[in-house]
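The residues making up each chain are set out below.
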Amino acid sequence: MVATPVLEPHVFGPQDFVGGDPVLDFVNTVTGRNGTPRDWIVDYPALLDWAEKAGALPSHTLAAVRDRAQREPRDAAAALARAKALREALFDVLSASSQARAPATTSLATIQREWRASHVAYVIAMDDDGGVDLRLDPAAVDFDLVAWVIASAAVHGMFHRRSDRLRMCAGADCAWWFIDTSKAGRRRWCDMAVCGNTAKAKRFNARRKTHR
Ligand SMILES: [Zn+2]
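Here the structure is a predicted model, which means the values were calculated and not measured.

K.L.:
Whenever I open this one, the sheet that holds strand S2 (residues 30–31) confuses me. Can you help?
P.N.:
Note on sheets: strands pair through backbone hydrogen bonds, and any given pair is parallel or antiparallel. Spatial ordering of the open sheet is given by S1-S3-S2, a layout of three strands whose pairing is mixed. If you trace the sheet from one side to the other, it starts and ends with strand S1 (6–7) and S2, each paired once. Bridge count for S2 against strand S3 (residues 38–39) is two bridges, and the pairing is antiparallel. The residue bridging Val30 from the neighbouring strand is Asp39, located in S3.

Listed below in structure tokens is the structure:
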């Protein structure tokens, strides 16, 4: 990471979920890591807003955690700090993976700690078609639930993906991660309409200047 991100209030919308994986979308809540980094999770309620838009937690759980956070803001703030530590650890592991280097041992330890802690929020249950499944305890109202769901998604999902399809957006002041699911595997932008067009406009203007 280049600089400490400044907090920037943000209204999360569909355009913020282009990573193709909830873990990447969570890491992308710090935007512009290759330019002016801004952290869009300004406080604990913002973390819950992100989780709601991400579909990371059921609505009754979100409502219960939101209520509890109003009564216990200090504990909620401490959980937010843990969630952000997890986010930075995931960023380090993603960067390491894409550069074929080892991540910091503290990064792996942070992810492992949250993943282990997450187990209290999961239950093993039968699903309707007779399978046995790991699912979020409907009674869980822990402040760390968002971090735990992400840590669990990283360990059980994201880390098993093909790392040669992991990309960082080539846009200036973006540096979002995404999984390239295109057939040719040549996707360069988090979103063509956002970073792709900006880059194209820049190239176009640069060309015009050299022609003059
Ligand atoms: Zn981008």
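K.L.:
Just checking my understanding: could you explain the coordination of the zinc ion for this structure?
P.N.:
Reference values for angles at a metal are 109.5 degrees in the four-donor tetrahedral case and 90 or 180 degrees in the six-donor octahedral case. The protein atoms that coordinate the zinc ion are Cys169 (SG), Cys174 (SG), Cys190 (SG) and Cys195 (SG), at distances of 2.2 to 2.4 Å. Sequence positions of the donors to the zinc ion reduce to the motif C-x4-C-x15-C-x4-C. Take Cys169 and Cys174: they sit in the same class, and that class is buried.

K.L.:
Before we go on, may I ask you to explain the pairing of strand S5 (residues 132–136) in this structure?
P.N.:
Consecutive side chains along a regular strand alternate between the two faces of the sheet. One ladder, built from five bridges, connects strand S4 (residues 122–126) with S5; its direction is antiparallel. Paired with Tyr122 across the strands is Leu136, a residue of S5. Counted between consecutive antiparallel strands, the loop separating S4 from S5 contains five residues, among which Gly130 sits at a positive phi close to 85°.

K.L.:
Even after reading the chapter, I still don't get helix H6 (residues 145–156), so can you show me in this structure?
P.N.:
Each α-helix winds once per 3.6 residues, and so residues spaced three or four apart point in a common direction. With twelve residues, H6 should cover 16 Å at 1.5 Å per step; its first-to-last C-alpha distance of 16 Å lies within 8% of that length. Summarising burial for H6: nine of the twelve residues are buried, a large majority. Looking only at H6, the buried set comprises Leu145, Val146, Ala147, Trp148, Val149, Ile150, Ala151, Ser152 and Ala154.

K.L.:
Please clarify how the nonpolar core should be interpreted in this entry.
P.N.:
Burial of nonpolar side chains together is a common tendency in soluble globular proteins. Within the largest apolar cluster, 55 residues are counted, with the highest numbers of intra-cluster contacts made by Tyr44, Leu47, Leu90, Leu145, Cys169 and Cys190. At the level of secondary structure, the elements contributing two or more residues to this core comprise helix H1 (22–27), helix H2 (44–54), helix H3 (59–71), helix H4 (73–98), H6, strand S7 (177–179) and helix H7 (192–211). Those residues in contact with Leu90 that lie beyond four places of it in its chain are Val23, Val27, Ile111, Ile150, Ala154 and Phe159.

K.L.:
Is there a simple way to think about H2 in this case?
P.N.:
Regarding H2, the residues found buried are Tyr44, Ala46, Leu47, Leu48, Trp50 and Ala51. Here the buried face of H2 lies against H1, H3, H4 and H6. The opening residue of H2, the one whose side-chain oxygen lies 3.0 Å from the backbone nitrogen of Ala46, is Asp43. Looking one or two places after H2, you find Gly55, whose phi comes out positive at around 70°.

Thresholds, definitions, all that
- Residues numbered from 1 in each chain as written.
- Predicted model: local features only at pLDDT ≥ 70, side-chain atom pairs only at ≥ 80, totals over all residues.
- Heavy atoms only, no water.
- Pairing = 2+ DSSP bridges.
- Helix = DSSP H or I, 4+ residues; strand = E, 2+ residues; numbered from the N terminus.
- Donors = N, O, S within 2.8 Å, 3.2 Å for Na, K, Ca; no water.
- Buried < 20%, exposed > 50% of the residue type's maximum accessible area, 1.4 Å probe, protein only.
- Expected span 1.5 Å × (residues − 1).
- Core = buried A, V, L, I, M, F, W, Y, C linked by side-chain atoms within 4.5 Å.
- Contact = heavy atoms within 4.5 Å.
- Polar contact = N/O pair within 3.5 Å; in protein donor to acceptor, adjacent residues only side chain to side chain.

Purely geometric stuff here, so don't read any function into it on its own.
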